[in-house]
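Coordinates in review
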Amino acid sequence: MTEDQRTPHYLYRTVFEQFKARIESGELAPNTPLPAERRLAAELGVALGTLRHATQLLRDEGLVVTVPSKGTFVCDKRSTRSLTSCGSAKGLGASADVY
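Keep in mind it's a predicted model, so treat the numbers as computed, not measured.

Turning next to the nonpolar core. Grouped together as the largest cluster of nonpolar side chains are 17 residues, with contacts concentrated most on Val15, Phe19, Ile23, Leu28, Leu34, Leu51 and Leu58. In terms of residue count, helix α4 (residues 48-60) provides more of this core than any other element does, five residues in total. Valine 15 has contacts with Leu44, Val46, Leu51 and Ala54, leaving out every residue within four places of it along the chain.

Our focus in this paragraph is the side chain of arginine 59. Locating arginine 59 in the fold gives a position in helix α4. Here arginine 59 occupies a buried position and makes no salt bridge, while the nearest side chain of opposite charge, glutamate 37, is found at 5.6 Å. Engagement of the side chain of arginine 59 in a polar contact is seen with the side chain of glutamine 56, the distance being 2.8 Å.

A complete count under the given rule lists five salt bridges for this structure. Among the salt bridges present, the one from glutamate 61 reaches lysine 20, with a minimum N-O distance of 4.0 Å. With a gap of 41 residues between them, glutamate 61 in the loop between α4 and β1 (64-67) and lysine 20 in helix α2 (residues 11-25) connect regions that are remote in the sequence. Given a relative accessible area of 42%, glutamate 61 falls into the partly exposed group. Glutamate 27 is the partner of arginine 22 in a salt bridge, and the nearest nitrogen-oxygen pair spans 3.1 Å.

Looking now at the environment of histidine 53. Looking at where histidine 53 falls in the secondary structure, it is placed in helix α4. On the basis of relative accessibility, which here comes to 36%, the residue histidine 53 falls in the partly exposed class. Placed 38 residues apart in sequence, histidine 53 and valine 15 show a C-alpha to C-alpha distance of 9.2 Å.

Take the packing of α2 against α4 next. Contact geometry of α2 with α4 gives a least axis separation of 8 Å together with a crossing angle of 45°. Taken together, the axes of α2 and α4 are oblique relative to one another. Of the two possible hands of crossing, α2 and α4 adopt the one that is right-handed. Facing α2, whose interface residues are Leu11, Tyr12, Arg13, Val15, Phe16, Phe19, Lys20 and Ile23, α4 presents Thr50, Leu51, His53, Ala54, Leu57 and Leu58.

What counts as what
- Every chain is numbered on its own, with residues counted from 1 as its sequence reads.
- Totals for whole chains, interfaces and linings use all residues, but because this is a predicted model, local features are given only for residues with pLDDT of at least 70 and pairs of side-chain atoms are given and counted only at 80 or more.
- As a rule here, side-chain values come from all non-hydrogen atoms in the structure, and water together with hydrogens is ignored.
- Only buried residues count toward a nonpolar core. Its members are Ala, Val, Leu, Ile, Met, Phe, Trp, Tyr and Cys residues joined through side-chain atoms within 4.5 Å.
- Here's how the labels work: a residue is buried when its accessible area is under 20% of the maximum for its type, exposed when over 50%, partly exposed in between, all with a 1.4 Å probe on protein chains only.
- Strands here mean DSSP runs of E at least two residues long; helices mean DSSP runs of H or I at least four residues long; both are numbered from the N terminus.
- Whether two residues touch is decided by their heavy atoms; if any such pair falls within 4.5 Å, the residues are in contact.
- In this charge count, Lys and Arg are treated as positive and Asp and Glu as negative; neither His nor the chain ends contribute.
- Definition used for salt bridges: Asp or Glu carboxyl oxygen within 4 Å of a side-chain nitrogen of Lys or Arg.
- A 3.5 Å cut-off defines polar contacts: any pair of N or O atoms within that distance qualifies, except that in protein one atom must be a possible hydrogen donor and the other a possible acceptor, and neighbouring residues in sequence count only when both atoms are side-chain atoms.
- Fitting a line to C-alpha atoms yields each axis, with helices limited to the stretch in contact; the angle taken between N-to-C directions then spans 0 to 180 degrees.
- Working rule for angles: under 35 degrees goes down as roughly parallel, over 145 as roughly antiparallel, 65 to 115 as roughly perpendicular, anything else as oblique.
- Whether a crossing is left-handed or right-handed is set by the direction in which the near helix is turned from the far one by less than a right angle, anticlockwise for left-handed and clockwise for right-handed.

This is the structure:
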């Protein structure tokens, strides 16, 4: 058993770390949309609130951007653009009003 497995973590933190690793490894490419929240929560077997908390952490880290009525998209960390233009939010038909 590794140290990480012995140390208790909140489930939202585990979900966050899994997505962070997938984004940083390139498995989830820039501008890739994440599945809808309810569908993703069901696939992962977690509560919707848990998934939303993990998504908020991803936004806080600048790894994803959520565009109202469009979805949540992976940001291009190599870009020097601000979070409001992260993930080509403007190209998605969104205003600078992102979460």
